[in-house]
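# Structural description and commentary
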Amino acid sequence: MIKNKFIIILLLAVLTGIFYNESFAQYNSLIIKGKSSIVNIDDILKDVNGGYTEADIKRICAKITERYHIQGYTAFYIRKAVLNKEGTVELFFNESIVKDISITGVPGRSTEISSSIFKKGDVFNEFILRDNITSTRKKYNLKYINVSIKRADDEQVLLNIKVSEKSDKISFGISSSPVYGIMPEAGFSVNYGMFHAGVSL
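Keep in mind that this is a model prediction, so the values were computed, not measured.

The next point concerns helix α4 (residues 110–117). Along α4, the residues classified as buried are Ile113, Ser114, Ser116 and Ile117. When α4 is viewed along its axis, its buried side chains cluster within an angular range of 160° and face the same direction. For α4, the elements touching its buried residues are β4 (98–104), α5 (126–140), β5 (142–151) and β6 (157–165).

The structure is reproduced here in structure tokens:
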């Protein structure tokens, strides 16, 4: 009976030690892979004094992701965190580059308009995309721009852009002149990108 109690106590002590070590294991340094200079996270990485625990690492990952998303890099995520036995932690970032852009609705001007909406090879930013859509619509006098965002096989970003141009217009009406009196009037306007012209008769 005493022997059984001793074995149970010993097992409990061993299990407690294992869980204690897993929960409070210390890691000496963080190694960031796949990061550019677009977002400054130095203050987050220096927020821990001494070694890092697993709880510290989870909190740091959450803060880094929040920092990216607040600044408009909403496609960013941390692919994985590797805890090495030698006491280092590797964080693998995916900042989500715009890998390719497809555009329909503007034959002959697709390259010009797509580069105005977003540049291929840049890190995706929701705020920049939104501002560029607004300015491109005004610049090229477009009816609407619809952008869908997808993930490529390598987890980068694909932009599918659909554009509708404003059509040419024919108008009819009546005008008055102090010399000729009431006269019928016809008008025709042409819309093509930044070129807009019209004539009335």
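Read on for the rest.
Looking now at the pattern of salt bridges. Oppositely charged side chains can form a pair if their charged atoms are brought close together. Applying the stated criterion across every chain yields a total of six salt bridges. With its nearest N and O atoms 3.4 Å apart, the salt bridge here joins Asp56 to Arg59. Separated by three residues within a single helix, Asp56 and Arg59 lie in helix α3 (residues 54–70), roughly one turn from each other. Using a relative accessible area of 16% as the deciding quantity, one classes Asp56 as buried. On the basis of relative accessible area, Arg59 is assigned to the partly exposed category, the value being 30%. Residue Lys99 pairs with Asp154 through a salt bridge whose shortest N-O separation is 3.3 Å. In this pair, Lys99 is assigned in strand β4 and Asp154 in the loop between β5 and β6, connecting sequence segments 55 residues apart.

Okay, the pairing of β5 next. Inspection of the sheet shows β5 paired to β6 by nine bridges, in the antiparallel sense. Of the residues in β6, the one forming a bridge with Val147 is Ile161. In textbook terms, the turn of a hairpin is the stretch between consecutive antiparallel strands, and for β5 and β6 this stretch comprises five residues, one of which, Glu155, has a positive phi near 70°.

Time to look at the packing of aromatic side chains. Tallied over the full model, the rule gives five aromatic pairs. With centroids separated by 6.2 Å and ring planes inclined at 75°, the aromatic side chains of Tyr68 and Tyr73 adopt a geometry described as edge-to-face. With a relative accessible area of 0%, Tyr68 lands in the buried category. With relative accessibility at 12%, the residue Tyr73 sits in the buried group. Here the aromatic rings of Tyr68 and Phe93 are separated by 6.1 Å at their centres, their planes lie at 90°, and the arrangement is edge-to-face. Placement of the pair is Tyr68 in helix α3 and Phe93 in strand β3 (residues 88–94), with a sequence separation of 25 residues. Assigned by exposure class, Tyr68 and Phe93 land together as buried. Taken together through their ring pairs, the aromatic side chains of Tyr68, Tyr73, Phe76 and Phe93 make up a single cluster. The lysine or arginine in question, Lys80, covers the ring of Phe92, its NZ or CZ lying 5.0 Å from the ring centre.

Definitions and cut-offs
- Residues numbered from 1 in each chain as written.
- Predicted model: local features only at pLDDT ≥ 70, side-chain atom pairs only at ≥ 80, totals over all residues.
- Heavy atoms only, no water.
- Buried < 20%, exposed > 50% of the residue type's maximum accessible area, 1.4 Å probe, protein only.
- Helix = DSSP H or I, 4+ residues; strand = E, 2+ residues; numbered from the N terminus.
- Arc of directions from axis to C-beta.
- Contact = heavy atoms within 4.5 Å.
- Salt bridge = Lys/Arg side-chain N within 4 Å of Asp/Glu carboxyl O.
- Pairing = 2+ DSSP bridges.
- Phe/Tyr/Trp six-rings, centres within 6.5 Å; stacked < 30°, edge-to-face > 60°.
- Lys NZ or Arg CZ within 6 Å of the ring centre and 35° of its normal.

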